[in-house]
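Examination of the molecular architecture
Next come the chains, spelled out residue by residue.
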Amino acid sequence: MADNVGYTPGTGAEIAADDIGGVLYQRMKLTLGADNTNGGDVSTSNPMPVEPQNITTTFRESFETYNTSTVWNQSVASGDIVQLDGNAVSASYLVISKDPLTADTETYVQTQSTFPVPLEAIVGLGMSQRVLGQELSLEYVSTETPIPLPSDITISSITQATSTLTVTTSTAHGLVAGMRIGIRGITSDSRLNYPCLVVNNITSSTVFTATAGPMGTIPSLSVGPYTSQGFVYFRSAMGGAPDGYSQIFENATVGNASMYVRSDSGDVYPSGTAAGNHSVTVGNTTSIQAVAANYSYAFVPTTEYRSLLQADRIQYYDVGIDASVQPSSRRNVTQVIPKITENYKIRFRFTNDKALTVPTAKIVSASKSGSTTATITTATAHGLTTGDFVYITGIRNGTDFIPITTAVAVASTPTSTTFTLVYGGTSATVTSYGGLVARANGGNLPAGFAGAGSSASLQTATVTSTQLTLTSSGTIAVVVGDYVNVYGCRDNSTGADLSVDGVYKVVSVVTTTAILEPIGSTVLPAAFGSTACGGAVIKRTDARISYIRLFEYLREKVEVLNKNDNFSGVPVVINTNSSLGTVSTVGTASLATNAIVNDISSAALTSTATSGTITPSSGALSQEFNVIVTAVSGTNPTLDVVVQESDDSGTNWYDTYHFPRITATGQYRTPLIPLTGNRVRYVRTIGGTGTPSFTNSVNRLQSHTSNPVQRQFISRVDLNTINSATATFYTEGCTDLNIFVSMLTITTTPPVLVYEASPDGSTWVQVGADITTTASTTNILQLSNVLARFSRLRVKTAGSGATVNYLMVKGVGN
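Because the structure is predicted, anything quoted here is derived from the model rather than measured.

**Topic: the overall build of the chain**
- What the chain contains, in helices and strands, is 0 helices and 60 strands.
- Among the 814 residues that make up the chain, the fraction classed as buried is 49%.
- For the chain, the proportion of contacts with a sequence separation of at least 24, taken over those separated by at least 6, is 75%.
- By element, 50% of the accessible surface of the chain is carried by carbon and sulfur atoms, the whole surface being about 34000 Å².

**So, the packing of aromatic side chains**
- Per the stated rule, a full pass over the model turns up 14 aromatic pairs.
- Connected via pairs of aromatic rings, a cluster forms that spans Phe 59, Phe 63, Tyr 66, Trp 72 and Phe 115.
- The cationic tip of Arg 331 hangs over the ring face of Tyr 269; the distance from NZ or CZ to the ring centre is 4.7 Å.

**Description of the pattern of salt bridges**
- Counted by the stated rule, this structure contains 31 salt bridges.
- Put simply, Glu 135 and Arg 180 hold a salt bridge, and the shortest N to O gap is 2.9 Å. Of this pair, Glu 135 sits in strand β10 (residues 134-142) while Arg 180 sits in strand β13 (residues 180-184), and the two are 45 residues apart along the sequence. The same class applies to Glu 135 and to Arg 180, which are both buried.
- For Glu 756, the salt bridge goes to Arg 792, with nearest N and O atoms at 2.7 Å. In this pair, Glu 756 sits in strand β55 (residues 752-758) while Arg 792 sits in strand β59 (residues 790-797), placing the two residues 36 residues apart along the sequence.
- By relative accessible area, which is 5% here, Glu 756 ends up buried.
- Where salt bridges share partners, they join Glu 144, Asp 243, Asp 264, Lys 339 and Glu 342 into one cluster.

**Digging into the side chain of Thr 460**
- Locating Thr 460 in the fold gives a position in strand β37 (residues 458-463).
- Thr 460 sits in the buried class, given a relative accessible area of 19%.
- Within the local environment of Thr 460, its side chain forms a polar contact with the side chain of Thr 471, the two groups lying 2.5 Å apart.
- The contacts of Thr 460, once residues within four sequence positions are left out, are Thr 469, Leu 470, Thr 471, Ser 530, Thr 531, Ala 532 and Cys 533.

**So, the nonpolar core**
- Core analysis: the biggest nonpolar cluster contains 39 residues, and Val 123, Leu 125, Phe 348 and Ile 548 have the highest contact counts within it.
- Ranked by residues supplied to this core, first place goes to strand β9 (residues 119-127) with 5 residues.
- Filtering out sequence-adjacent residues up to four positions away, Phe 348 remains in contact with Trp 72, Ile 96, Thr 107, Tyr 108, Val 109, Val 123, Leu 125, Ser 137, Leu 138, Ile 545 and Ile 548.
- Judged by nonpolar contacts, the second largest core, of 33 residues, contains Val 95, Tyr 483, Val 506 and Ala 514.

**Details of the confidence of the model for the chain**
- When pLDDT is averaged along the chain, the result is 88; 87% of the residues meet or exceed 70.
- Counted against residues more than four places away or in other chains, residues 1-50, with its pLDDT under 50, gives 92 contacts.

**Things to note about the environment of Ala 409**
- Counting through the fold element by element, Ala 409 comes out in strand β32 (residues 404-409).
- A residue is classified by how much of its surface remains accessible, and Ala 409, at 31% relative accessible area, is partly exposed.
- Residues Ala 409 and Val 390, 19 residues apart in the sequence, show an inter-C-alpha distance of 6.3 Å.
- When neighbours within four sequence positions are excluded, Ala 409 is seen to be in contact with Gly 387, Asp 388, Phe 389 and Leu 421.

Cut-offs applied
By convention here, each chain's residues receive numbers from 1 onward along its written sequence. Only residues with pLDDT of 70 or above have their local features reported here, since the model is predicted, and side-chain atom pairs are shown and tallied only from 80 upward, although totals for entire chains, interfaces and linings are computed over all residues. Working from all heavy atoms in the structure, the side-chain values ignore hydrogens and water. Counting from the N terminus, the helices are DSSP H or I runs at least four residues long and the strands are E runs at least two residues long. Exposure classes here rest on a 1.4 Å probe applied to the protein chains alone. A residue is buried below 20% of its type maximum, exposed above 50%, and partly exposed in between. Note on definitions: a residue-residue contact is assigned when non-hydrogen atoms from the two residues lie within 4.5 Å. Note on areas: these come from Shrake-Rupley sampling with a 1.4 Å probe, and a residue is covered only by the protein chains present in the view. Stacked, tilted and edge-to-face pairs are distinguished by plane angle, under 30 degrees for stacked and over 60 for edge-to-face with tilted covering the rest, among Phe, Tyr and Trp rings (Trp via its six-membered ring) whose centres lie within 6.5 Å. Note on criteria: charge over ring means Lys NZ or Arg CZ within 6 Å of the ring centre, with the direction from the centre no more than 35 degrees off the ring normal. The term salt bridge refers to a pairing of a side-chain nitrogen on Lys or Arg with a carboxyl oxygen on Asp or Glu at a separation within 4 Å. Counting of polar contacts relies on pairs of N or O atoms within 3.5 Å, with two restrictions inside protein: one atom must be capable of donating a hydrogen and the other of accepting it, and residues adjacent in sequence are counted only when both atoms are side-chain atoms. Nonpolar core, defined: a set of buried Ala, Val, Leu, Ile, Met, Phe, Trp, Tyr and Cys residues in which side-chain atoms within 4.5 Å join the residues together. Values of pLDDT, the confidence the predictor places in each residue, fall between 0 and 100.

This is the structure in C-alpha cells:
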C-alpha cells in the first residue's frame, strides 16, 4: 500500500477502510505540513494531517491445503511426518509429528514469503502431548545467514551433588550463564544425560555448573565424578537466526513456554530465570477434540498465540480460542529488539534433543529363573553398559514383568543382545515376549512410552488388509486422531516379529482396544487373526497448526467494533491518583446473574477420584451442584458423589452434601446451598463389579442469592453390630433435622437406631425417640431446634439378618 492512500494534500484526513472478517481495521500515519513553505514549522497555518490507512492482511493460512511449491518450505527428518489432517467440524490442521525412536533430529516448516516490521502474528496451535527433550519452536526469524551452533564439547569430568551438576570440559568451553545446553553420552550413569539444561554459573574457563532447565530444578542426585565420557551440546533458541524472536514449548507442562529475542547476532534474551528455568506461564497447548467419534479427526487448539513486533518492543500474549475476554499478556520486551530493516519469516521448528530418552532396543524375550532377576534378550545390540539406568515397558506378562517407569540400573551385560537387572514384581520361573528398553537419559520418561497405560502392555494383534487392531491389558491412553508407533510387537509363543511395528493413526479406541491405520511409510503384513503378543504403543508428539494470520500496519490500529464484550472493549488506563465518587443507588440490573461452571468435563470414571481444589467466584453466595451421567456399565455399578468444602483454602476438608447413590444415567441436582468455606471439591466413589464405569460431568451453578443452610449426609453402616455408628456429620447452622432409615430385608431381629448430637465431636447425647426399623420400609424421625454442631446415627439394638438401603441425615437452617 502506498504511503498516501486515503489522503489528498489540502483536503485533510480521509478514511480508507477494509472490511477484514467483519472488522474495520485502520492504520494511521502522522506527517508534517503538506509542503515545506515554512520548513515544517507546525506552529504555522499549515495543518498537521493525520493519515488513516488500512491494516493489511499480509498472510493468511487455514491449512485446508498445504502448498510446498509457492507458500511453504519444509525440511522433514527421517521418521517425522508432516501432513494435513482433519475431516470433521471444520477442523483442518497441519500435523508435524515427531519420531519418538530417534534423538537429535529436526523438522521445520517455514513461509517462503517474508514480512516487514511492524508485524502482528496470530497462530492457533495445539499439541497431542508435551515431552521434555522435544522442543516445538514458534519462530519469527530474519533471512540473514544463520549463526552456526558451536560444536559439542568433550567432558573430562562430571559430578552431581544434590541439585548442582558440575561439569569440567577438556578444553575451554566458552559458555556464559543462561546458555541453553544439554548433556549426552555419559555411560556410567545415564541419569546425568539431561536433554535440556541452562548454564547456571561459570567457575573457570573449563568448569561450569547447571542447576535447572525448562523442567525446573533438576532431580536431586549425588553421583560421580565420572571421567572421560560424554559431551556438552548446544540448543538453538531460534535456529541460528541473527535477528528474531521465538516461543518454545520445551517442557512437559501444557501451560509453559520459553520466550527468546535476538538482535544483531547477539546473545538471545530469555524469559523466566536467566540462569535457570526460562519457562513462563502461557495459554494451554492441549488439543481439544471438537467431536469424539470413530474416524473423525477434529482437533482444535485451546489457545491462539499472538505476538507483536514493533520498532521499540515485542509483546507476547495469548487468548482462548473463540473467547470473548481480554488476551493475557505474557511478556513485553523493550531492551532487545530485532532489526526493523530486516524482513521476517514465520517458522515452526520441531526438535528432538540429542539426549532425548528413546528406545534402545526391541525386546524379544524376558525371563526369570526363580528370582526377581530378569534376563532380557533384545532383537539388536542394546548398547547398554553395567550401571546404565533403563525403562522397560510392553512385556506381555505384566504381572511378573511390571513396566519399569522408575529407572532401574542394569546389573550385567553378558552379550551385546542380553542384559540382566533386578526386576520388581514376583519371583518366578517364567518367560514372556515383546516390548522395549530405553536408556533413562536425565531420568526422564517420555509420556508417550505409556501409550498403552503406565501399567499395561499389548495382549493381542489382528491384521486385515487395511487395519491393525490391538488389545491391551489396560486402558490405551490415546484418542482418535493421535499418531502412534507400534514397537516391539512379538508373538507370545515364539517371540517371532509380527511385522506390524510402524507408524499409525488411531481411528477408534475403546478402553483396552484400539484400531489403527498405517500412515507414512508403514505397510501392513499379510492379514492374520487374533494373535497373542507383547509390545508397546508409543504415543507420538503431534503439533497441530490450525491457522496463521499475519497483519502489517504502521504503528497503532483503531478497531471499530460493536464493543459488546470484554475482548473488543477499549482499554482505559488510569495514570493518576483518581478516586471514584459514591454510587447512591444500585439497581437490580447491576446484580450478578447466575453463572454455570463446568468443574469436571464429561469422561468415563472407572475408579474412585477426588477432584482438584476449586475456588468459587467472589460474588457466589450459594451454589447448586449438578451431576450429569450419560453412560453406565458394569455389574451392579454405583456412584456416590460427595461435595466437600474447606475453610482454609484447601488444607482441611469437610463434607457438606451427599448425593443419593447413582446407579443409572440421568441428571442429579442439589438445592442451592450457601457457601460456608472458600474452596470446593468433589469425591466420587465407584462401586460394583465387572469394571464399573460412569461417564459423567459435574457442573456448579453460582448464584448471588443467599439461601438457608442445607446439609445432606448418607451412610450405610452395619446394623447387625451394636454401637456401630455413621461417620460424624457437620451440621452447624441446621435447626431442623430429618432422619431417614431405609431398610431392605430383616430376617430375624429389627435393629433399633438413635440420633445423637455433639457440640465437640467426642461427647454424644441422644436426641429424639428410638428409631425401630421394619423390613422394606423407610422410617423417619423429625427434630426441631436441635442446633447440633455434629450429628451421627448409632445402632442401639443390633439387628439380625438386617440389610440397610441407606441412612440419611438431612438438615436445614432458618
